[in-house]
Amino acid sequence: FLDETVQVPAVKAHAAAMSLAQAVSLSDLRPGGRPVRWEHLTVVSGDGTRLRATVAIPQQRGGERASFPVVVMPNSWALCVLEYTLKQQEWAAAGY
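Residues numbered from 1 in each chain as written. Predicted model: local features only at pLDDT ≥ 70, side-chain atom pairs only at ≥ 80, totals over all residues. Heavy atoms only, no water.

Enquirer: Can you help me understand the pattern of salt bridges in this one?
Expert: Proximity of charged atoms lets side chains of opposite charge pair with each other. Per the counting criterion, the structure on display carries two salt bridges. Lys87 serves as the salt-bridge partner of Glu90, at 2.9 Å between the closest nitrogen and oxygen. Note that Glu90 and Lys87 are positioned in helix H2 (residues 85-93) at a spacing of three residues, about one turn of the helix. Among the residues examined, Glu90 registers a relative accessible area of 6% and is labelled buried. (Salt bridge = Lys/Arg side-chain N within 4 Å of Asp/Glu carboxyl O. Helix = DSSP H or I, 4+ residues; strand = E, 2+ residues; numbered from the N terminus. Buried < 20%, exposed > 50% of the residue type's maximum accessible area, 1.4 Å probe, protein only.)

Right, dumping it as structure tokens:
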């Protein structure tokens, strides 16, 4: 069961991180590729535990009908949810 949540600060943080990364060529982020839509979801387990998920979804181009493989990346306990944002953007833009 997925319950979509609105987390405006997280969305703004992702946008800021991506702008900064592309502006200074941070990491090995490859520019270009597909447009990416970000969603912030809450996944509710069978026992009621709520887990947050940040999903980077590659967008189809024009009239294209495409399906994309899924990459699941849990972040560490020590770092914030933005730990893998750059890789999420890069891989989603490449169609993953």
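From this point, the narrative continues.
Enquirer: Is there a simple way to think about the pairing of strand E2 (residues 36-44) in this case?
Expert: Along any regular strand, the residues point their side chains to alternate faces of the sheet. Here E2 runs beside strand E3 (residues 50-58); their pairing, made up of nine bridges, is antiparallel. Bridge pairing links Glu39 to Val55 in E3. (Pairing = 2+ DSSP bridges.)

Enquirer: Just to check I follow, could you spell out the environment of Gln59 for this structure?
Expert: Looking at the secondary structure, you find Gln59 in the loop between E3 and H2. As a C-alpha pair, Gln59 and Arg37 span 22 residues in sequence and 6.8 Å in three-dimensional space. Beyond its immediate sequence surroundings of up to four residues, Gln59 is in contact with Arg34, Pro35, Val36, Arg37 and Phe68. Of the polar contacts made by the side chain of Gln59, one reaches the backbone oxygen of Ile57; its length is 3.0 Å. (Contact = heavy atoms within 4.5 Å. Polar contact = N/O pair within 3.5 Å; in protein donor to acceptor, adjacent residues only side chain to side chain.)

Enquirer: Just checking my understanding: could you explain the confidence of the model for the chain for this structure?
Expert: Residues shown with low pLDDT carry predicted positions that ought not to be read at fine detail. Mean pLDDT over the chain works out to 75, with 66% of the residues at or above the 70 mark. Low confidence marks residues 1-7, where pLDDT is under 50. Its contacts with residues over four positions away, or in another chain, come to 16 contacts. (pLDDT = per-residue confidence, 0-100.)

Enquirer: How do you make sense of the environment of Trp91 when you look at a structure like this?
Expert: As for its position among the elements, Trp91 is in helix H2. The partly exposed category is assigned to Trp91, whose relative accessible area is 33%. A sequence separation of 57 residues divides Trp91 from Arg34, and the C-alpha atoms of the two residues are 9.6 Å apart. Setting aside residues up to four positions removed in sequence, Trp91 forms contacts with Val71, Met73 and Tyr96.

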